[in-house]
Amino acid sequence: MKLKILMVLTIGQFLPLFLYGTVSSLSFNPDSYSSGLADSVFSEVGYVSCCGISEVYQPSIYLSRVEWVEGINFNFISFFRPFSFGNLSFALSYLDFGKIQGIDMYLNEYELPSSYETIFTVSYARNITTVVPAYRSWGSVGLNLKFIHSQLTKYSSQGVALDLEGIANITEILDYLGIFGKTWGYDICEVKLLLGNKNIGSSVKYVSKEFPLTNYFNFGLKFFFPKLKLFKFMISHSLSSDNINPSYYSFATTIKPVNIIELLLGYKYIPKESVIGGFTGGFRVMLKDLSLIYSFKPYQEFKSLSNLGLTHQLALRLDFGGFSFGSVSYNPDAYYHKKINEVYDLYYSGDYYGAKEKINTLLQVYPDDSQLLRLLSKVEQKIQMQQEKRQKIIDKYIAKAKVNFEKKDFLKSRHYCGYVLKLDPGNTEAQSILNNITKEIEKIKQQQLERRNARLIETHFKKAVKFRNQARFIEAKDELNKILSISPQHEPAKNLLKEIDIQIARLAAEQVNSLYLKGVEFFKKGNYEEAIKYFEAVLTHSPDRIDAKDYLEKCKTKLAEIEQQKKEEELKKAQLENKQKIEEMFNQALRLYETRKFLDALNKFKEVMSFSEKLQFTEYYEKSKGYIEEIKLKLADEYYSKGFTHYQNNRYEEAVEYYRESLKYNPNNVVVIKQLQEISNTLAERYYNLGMQAYSSGDMEKAKRYFEKSLYYNPTKEETKKALERIK
C-alpha cells in the first residue's frame, strides 16, 4: 500500500485531511455530465452548481460513482424536488479512502483503520421571471449549505460550507434593452452568464485546529446554438484560493446527433503543471424518464493503475412523478422552458406542423408571449413556403404526367402521378390521369387480344355462318357468344346475333317444338347449360309457352344447386385448411386482451371476426363479437377515467378530448355526455370572452382564432357565430 500513499502525495487535491488540512470530497465532481465537459461550472446537480437545479421540472433521483485507484471511490446520491417557491435538492456524498497503510517511527508498515468523508448538502434555487405582459426568464439564483464530516482512523472533524451562485440570461436582458435580444438569440445563439463563490467563510475543525477549505470563484459563459442540432459551447474559469486545488479553465462543447443521445467533449487547462488537465469526454443517453451519463478524465501519471491513464465515471438519473402544470407543487417556469425546447426541437428538425400545434397549446397559457408569437409567425412562414414548394413540385409532376400520357408512355405518366399522390393523396387531377391510363391500357390489351385471336374469331364466325345457313340457330349463337367473350365489341358477331334472333322469332311451330324437345333431352342428361340455350330460343319465338318457362326455371334451379354444393365443398375445404390459423389469431387476440393491450386486442378481434365471417367460423365470430363489446366498454371507462382526472385538475381541454374518445367506444354513456357538454360549454364561453377581448383591442386575427376555438367546443353557440361573421 505504499503506492497508494505515494499517489495521494502526488495529487494534492485528493490528500486526506491530516496531510493538508482540506476536505478531499470537495475535489470530486459527482456530475458525470460536468466531468465529461472538463469540470464545467454549468451543471444540473446542485452539489456542483446550485443554480442548475432551477431548470428541474419533476422529481428526480441522481446516482453517481467514481472508481479511482487502490480502492478509493466516491459515491453520490441526490434527490431533486420542484416547488412553487423554488427547487430543492438533498444530496449525500461518501468518499471511501479504502485501506490506508502507514509507516511508524521505526519504519515498520502498519494498516490504518478505515477512513472516510461524508458531506450532506441542501441546495435551493429559483428562476427570476416575469409573466406580465409576457413570459421572461431573467436568470436564476441559488445556494448550497454543506455539512461536512471527515473521519481519519479514530479522529474526526466537522465543518459547514456555503455556496452562492447566480445565472443571468444575457439574451433576455439584451432583448429587454432592445439590443439584438431574442430575435438574434433564438435564431442564432442564446447566451447565459454564471457567477459563483464556493465554500464561503468556511473551515473544518480537526481536533483543536481549524483548517480553511479551498474557496473558489467561478465564472462561466454558455452559448446555445439551436440551429446546429442543439449545439452548446461553454467556457468557464474556477479561481482557487490555495495551491492545493489548482485554478483551471474549462472549454467544452455538446452536440445531439439524435434526440436521445448527447455527445460531450471538453478540455481542462491548468496554468501550472498538473496531471489532471487535458481532454475529457463522454455521452448522455436519455430514455424518457431515465438518463445514463458516462464520462472519462485523464490522469496521465497512473497509466499502469488506471486503464490508459483514464478514470471512468458513470451516473444514472431517474425522473418520476410526471408533470402537472398548474399544481402548486411544481415550478411553472420549468413547464415553459421544457415546452419551448420541444418547440425548437420540432422546428429545427423540420416538423413545422408539430411545432405549430405545440405553440398554439402554449399560447393558451401565455397568450401575449412575444417569443411564442414570433415563433408562430416563423413557423407559419415555413409552412407556407413548404406548401408553395410542394405545389410547384406537384404542378411540375402533373405537367410531366400529361406530356407522357400524350406520348403514350403510360409507365412514366403513372410514376409521376404516383409522386403527386404521395405529396397530395387527394389530388383529383392525378387520379383522373391514372383512370385515363387504365382505360387506354385496357383498350390496348383488347386490341392485342383481338390480334392474337384473329384466326380463332374467324373460325368461330365461319362456323356461326354455316350453322345459320343450316338453320342450326342454337349452335350458331353459341359460336357467336364465344367470339364476343374474346372481343365484346366485335360488330359482325353482334349483327349476326341480332339477325339470328329475328330468324328464330319467325320459325314455324314445328321447328320451335323441335327446339323444345332438344332442350328436354339435354335437361334429362343433366346438361342444364345447353338446355337453357334451347329453351331461351323457344321463348324468343313463343314467349308465352309455359312448359318452356318451367324447364328454364328448373335448369336455373339445378345450376344454382350445383353451384351451392360446389361452394359448400370449397368452404369445408377452406375451413379445414384455416382451422389452425383462426385458432392462432383468436389466441393472439386473447393474449393481447389479457395483458390489457386493449387497442391492439380490439383490432385483432375485429380481424378474427372478419376472417370468421368469410369462412363461417360461427363460434369464433360470436366469441370475438363478445370480446369486442367488452373491450369497447373498458376503453370507454379508461378514457373517461383519464378525462375525469384532467377535469378534477381543471385541465378542461384535455378532459374534452378524452371524453370524446370515451364516447367513440360507448356513445350511450349519459354521465360522459353530460360532463362533456358542461365542459364544452364552459370552454366555448371562455374562448368567446377571450375573442371579444381581442376584438375590442383590434386584434382581429387573434379574435378569429378564439372564436373558432369556441365553435370547436360548441358549434351551436349563436353569439360566437355572429361574432365570427362580423370579422369575416
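Residues numbered from 1 in each chain as written. Predicted model: local features only at pLDDT ≥ 70, side-chain atom pairs only at ≥ 80, totals over all residues. Heavy atoms only, no water.

Student: Quick question: what am I supposed to make of the overall build of the protein chain here?
Tutor: Per the secondary structure count, the protein chain includes 22 helices and 18 strands. For the protein chain, the proportion of its 728 residues judged to be buried stands at 44%. At a minimum sequence separation of 6, the contacts of the protein chain that also span at least 24 residues come to 55%. For the protein chain, the exposed surface amounts to about 39,200 Å²; the carbon and sulfur share of it is 56%. (Helix = DSSP H or I, 4+ residues; strand = E, 2+ residues; numbered from the N terminus. Buried < 20%, exposed > 50% of the residue type's maximum accessible area, 1.4 Å probe, protein only. Contact = heavy atoms within 4.5 Å. Areas by Shrake-Rupley, 256 points an atom, 1.4 Å probe, with all protein chains shown as cover.)

Student: How should I be thinking about the pattern of salt bridges in this particular structure?
Tutor: Here the idea is simple: oppositely charged side chains can pair when their charged atoms come close. Tallying each qualifying case throughout the model produces 22 salt bridges. Among the salt bridges present, the one from Lys664 reaches Glu661, with a minimum N-O distance of 2.9 Å. Here Lys664 pairs with Glu661, and both are found in helix H19 (residues 652–665), just three residues apart, close to one helical turn. Looking at Lys664, the relative accessible area reads 59%, which means it is exposed. For Glu661, a relative accessible area of 24% translates into the label partly exposed. Across the salt bridge formed by Glu685 and Lys717, the nearest N and O atoms sit 2.6 Å from each other. Here Glu685, found in helix H20 (residues 670–696), pairs with Lys717, found in the loop between helix H21 (700–713) and helix H22 (718–727); they are 32 residues apart in sequence, far enough to count as distant. Several salt bridges converge on common partners, so that one network encompasses Lys408, Glu440 and Lys443. (Salt bridge = Lys/Arg side-chain N within 4 Å of Asp/Glu carboxyl O.)

Student: Is there a simple way to think about H19 in this case?
Tutor: Within an α-helix, residues lying three or four positions from one another point in the same direction, as the helix has 3.6 residues per turn. Helix length check: H19, at 14 residues, gives a terminal C-alpha distance of 20 Å against a target of 20 Å (1.5 Å per residue), a fit within 8%. For H19, the set of buried residues is Glu653, Ala655, Val656, Tyr659, Ser662, Leu663 and Tyr665. (Expected span 1.5 Å × (residues − 1).)

Student: Looking at this structure, I do not really get the packing of helix H12 (residues 473–486) against helix H15 (residues 528–541). What am I missing?
Tutor: A pair of packed helices can be characterised by two numbers: the angle between their axes and the separation between those axes. Following both chains from N to C, one finds H12 and H15 inclined at 115 degrees, their axes separated by 10 Å at the closest point. Relative to H15, the crossing made by H12 is right-handed. Of the residues in H15, those in contact with Ile474, Glu475 and Asp478 of H12 are Glu530, Lys533, Tyr534 and Ala537. Per-class residue counts for the contact of H12 with H15 are three nonpolar, no polar and four charged. (Axes fitted to C-alpha atoms, helices over the stretch in contact; angles between N-to-C directions. Left-handed = near helix turned anticlockwise from the far one by under 90°. Nonpolar A, V, L, I, M, F, W, Y, C, P; charged D, E, K, R; others polar.)

Student: Even after reading the chapter, I still don't get the packing of aromatic side chains, so can you show me in this structure?
Tutor: For any pair of aromatic rings, the description consists of the separation of the ring centres together with the inter-plane angle of the planes. Summed over all chains, the structure comprises 36 aromatic pairs. Centroid distance Tyr639 to Tyr665: 6.0 Å. Interplanar angle 5 degrees. Geometry classified as stacked. One end of the pair, Tyr639, is in helix H18 (residues 618–648); the other, Tyr665, is in helix H19, with 26 residues separating them in the sequence. Tyr665 carries the same exposure label as Tyr639, and that label is buried. Aromatic rings pair up to connect Phe586, Tyr593, Phe598, Phe605, Phe617, Tyr620 and Tyr627 into one cluster. Between Lys268 and the ring centre of Tyr248, over which it is positioned, the NZ or CZ distance is 4.4 Å. A cation sits over an aromatic face here: Lys554 above Tyr551, 5.2 Å from the ring centre. (Phe/Tyr/Trp six-rings, centres within 6.5 Å; stacked < 30°, edge-to-face > 60°. Lys NZ or Arg CZ within 6 Å of the ring centre and 35° of its normal.)

Student: How should the environment of Ser485 be read in this particular structure?
Tutor: Examined against the element boundaries, Ser485 turns out to sit in helix H12. Side-chain polar atoms of Ser485 contact the backbone oxygen of Lys482, separated by 2.6 Å. (Polar contact = N/O pair within 3.5 Å; in protein donor to acceptor, adjacent residues only side chain to side chain.)

Student: Please explain the pairing of strand S13 (residues 231–240) as it appears in this structure.
Tutor: On a regular strand, one side chain projects to one face of the sheet and the next to the other, so that they alternate. Relative to S13, strand S12 (residues 216–225) is paired through 10 bridges, and the arrangement is antiparallel. Paired with Phe224 across the bridge in S13 is Lys232. With seven bridges connecting them, S13 and strand S14 (residues 248–258) associate as antiparallel partners. Bridge assignment links Ile235 to a residue of S14, and that residue is Phe251. (Pairing = 2+ DSSP bridges.)

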